[in-house]
Structure formats: C-alpha cells, structure tokens
Amino acid sequence: MNDFKKWAIYSPDGVIDRIYSGPINEAQSQTTGDESVIEIQPDLDDQNAYVSNGSVVAKQSFSFSINNSTIEADGVDEVIISSIPNGTLVIWPDDFEETVTDGVIEFSVDLEGKYNFTFDHPHYLQETLSIEANTST
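Conventions adopted
Residues numbered from 1 in each chain as written. Predicted model: local features only at pLDDT ≥ 70, side-chain atom pairs only at ≥ 80, totals over all residues. Heavy atoms only, no water. Pairing = 2+ DSSP bridges. Helix = DSSP H or I, 4+ residues; strand = E, 2+ residues; numbered from the N terminus. Salt bridge = Lys/Arg side-chain N within 4 Å of Asp/Glu carboxyl O. Buried < 20%, exposed > 50% of the residue type's maximum accessible area, 1.4 Å probe, protein only. Core = buried A, V, L, I, M, F, W, Y, C linked by side-chain atoms within 4.5 Å. Phe/Tyr/Trp six-rings, centres within 6.5 Å; stacked < 30°, edge-to-face > 60°. Polar contact = N/O pair within 3.5 Å; in protein donor to acceptor, adjacent residues only side chain to side chain. Contact = heavy atoms within 4.5 Å.

K.L.:
Could you clarify how one ought to interpret the pairing of strand β2 (residues 16-22) in this entry?
P.N.:
Regular strands place their side chains on alternate faces of the sheet. Examined bridge by bridge, strand β1 (residues 5-10) and β2 share 6 bridges and lie antiparallel to one another. Each residue of the ladder has a partner; that of Lys 5, found in β2, is Gly 22. If you look at the hairpin formed by β1 and β2, you'll find 5 residues sitting between the two strands, and Gly 14 has a positive phi there, around 90°.

Next comes the structure, spelled out in structure tokens:
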C-alpha cells in the first residue's frame with residue numbers, strides 16, 4: 001500500500017507555506033508553530049492554491065479595473081487601478097511595498113518608461129501589470 005501523498009503545510013491564515021510529499025506522519029513532523037497539514041491535489045501547490053475552511057482552494061486571477069495602461073509622462077496624467085482586494089501587497093516600480101486597504105492605487109510619473117506593479121494576495125494568483133509612460137511629441 002502506497003501511503004505517499006502530497007501535503008500542504010499551511011498557516012492559520014490559509015497561506016500554504018510549503019509542500020511535502022510522503023506519509024502523513026512525516027508531513028505532520030514538518031510543521032512548526034501553529035501550522036497544519038492537509039492533503040493537496042496533484043495539480044495544486046503553494047503558488048496556485050490556499051486553504052479555506054478546511055479545504056484546498058485554487059487561487060483566482062485578480063479582476064482589476066484600470067482606467068489606462070498608457071499615460072503621459074507629465075506628472076499629471078495618472079493611471080488608477082481599482083477593485084484591488086484589501087490586504088493585497090503591491091510592489092511598486094521602485095520596490096516600495098504597500099498593503100492596499102482601500103481597493104485603489106493611483107500612479108503618475110514625469111519620466112518616460114515602462115513601470116511594473118506586482119500584486120500579491122494569499123487568495124489570488126500573483127500578477128504584474130505594466131504601465132507605459134510616454135512623452136508627447
């Protein structure tokens with residue numbers, strides 16, 4: 001009998017900290033602190049799933065609203081990204097990290113270029129949005 005299975009080791013907030021393959025008793029010995037163990041489907045892992053109410057759930061894509069992905073590099077024109085779930089960590093182009101609490105970020109810039117924003121939330125697939133800032137000719 002093969003008792004090797006794939007296990008998610010997760011924290012109380014549902015974040016899967018790591019994956020372990022083997023028998024349940026070995027998986028349980030891998031936990032630290034208040035982590036728990038649950039069997040996880042073969043096609044899921046710590047990057048595309050989380051634990052909610054005792055079940056492993058596939059992460060979903062974000063459903064942002066964005067007014068424009070191209071702006072004038074004039075310091076006035078701005079992009080507004082909304083419908084961001086509260087608790088989302090946003091990594092700005094300068095590597096500044098901010099946790100969204102109001103569902104919105106706004107961005108303007110006076111230098112031409114491509115600006116990447118990374119969005120990370122325990123219940124959503126990590127996503128990067130690119131904003132292009134151009135100067136008028």
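There's plenty left to go through after this.
K.L.:
Explain the pattern of salt bridges to me, please; I cannot follow it from the model alone.
P.N.:
It is possible for side chains bearing opposite charge to pair when their charged atoms get close. For the coordinates displayed, the defined rule picks out 2 salt bridges. Where Lys 5 meets Glu 39, a salt bridge forms, and the shortest distance between an N and an O atom there is 3.8 Å. Here the residue Lys 5 occupies a position in strand β1, and Glu 39 occupies one in strand β3 (residues 36-39), the gap between them amounting to 34 residues. A residue is classified by how much of its surface remains accessible, and Lys 5, at 38% relative accessible area, is partly exposed. Note on Glu 39: relative accessible area 42%, which makes it partly exposed.

K.L.:
Would you mind showing me how to read the nonpolar core here?
P.N.:
Soluble globular proteins tend to pack their nonpolar side chains together in the buried interior. Residues Ile 81, Ile 105, Phe 107, Phe 117 and Phe 119 are the most contacted members of the largest nonpolar core, which totals 19 residues. If you look at the next biggest cluster of nonpolar residues, it comprises 9 residues, including Tyr 10, Ile 16, Ile 38 and Val 56.

K.L.:
It is not clear to me how the packing of aromatic side chains should be interpreted in this structure. Could you clarify?
P.N.:
Two numbers describe a pair of aromatic rings. These are the distance of the centres and the angle of the planes. Enumeration over the complete set of coordinates arrives at 8 aromatic pairs. With centroids separated by 4.5 Å and ring planes inclined at 50°, the aromatic side chains of Phe 64 and Phe 119 adopt a geometry described as tilted. Within this pair, whereas Phe 64 is found in the loop between β5 (55-58) and β6 (65-66), its partner Phe 119 is found in strand β12 (residues 113-121), the two being separated by 55 residues in sequence. Residue Phe 64 is classed as buried on the basis of its relative accessible area, which comes to 17%. Look at Phe 119 and you get buried, because its relative accessible area is 0%. Both rings, one in Phe 107 and one in Tyr 115, keep their centres 5.3 Å apart while their planes meet at 55°; by these two values the pair is tilted. Look at Phe 107 and you get buried, because its relative accessible area is 10%.

K.L.:
Any chance you could explain unusual backbone geometry here in plain terms?
P.N.:
Most peptide bonds take the trans form, and the phi angle of most residues other than glycine is negative. Positive phi is not limited to glycine here, since Asn 53 has a value of about 50°. Looking at the element boundaries, Asn 53 is found in the loop between β4 (49-52) and β5.

K.L.:
Can you walk me through the side chain of Thr 118 in this structure?
P.N.:
Relative to the assigned elements, Thr 118 resides in strand β12. For Thr 118, the side chain forms a polar contact with the side chain of Thr 128, separated by 3.3 Å. Once residues within four sequence positions are removed from consideration, Thr 118 is found in contact with Leu 89, Val 90, Ile 91, Gln 126, Glu 127 and Thr 128.

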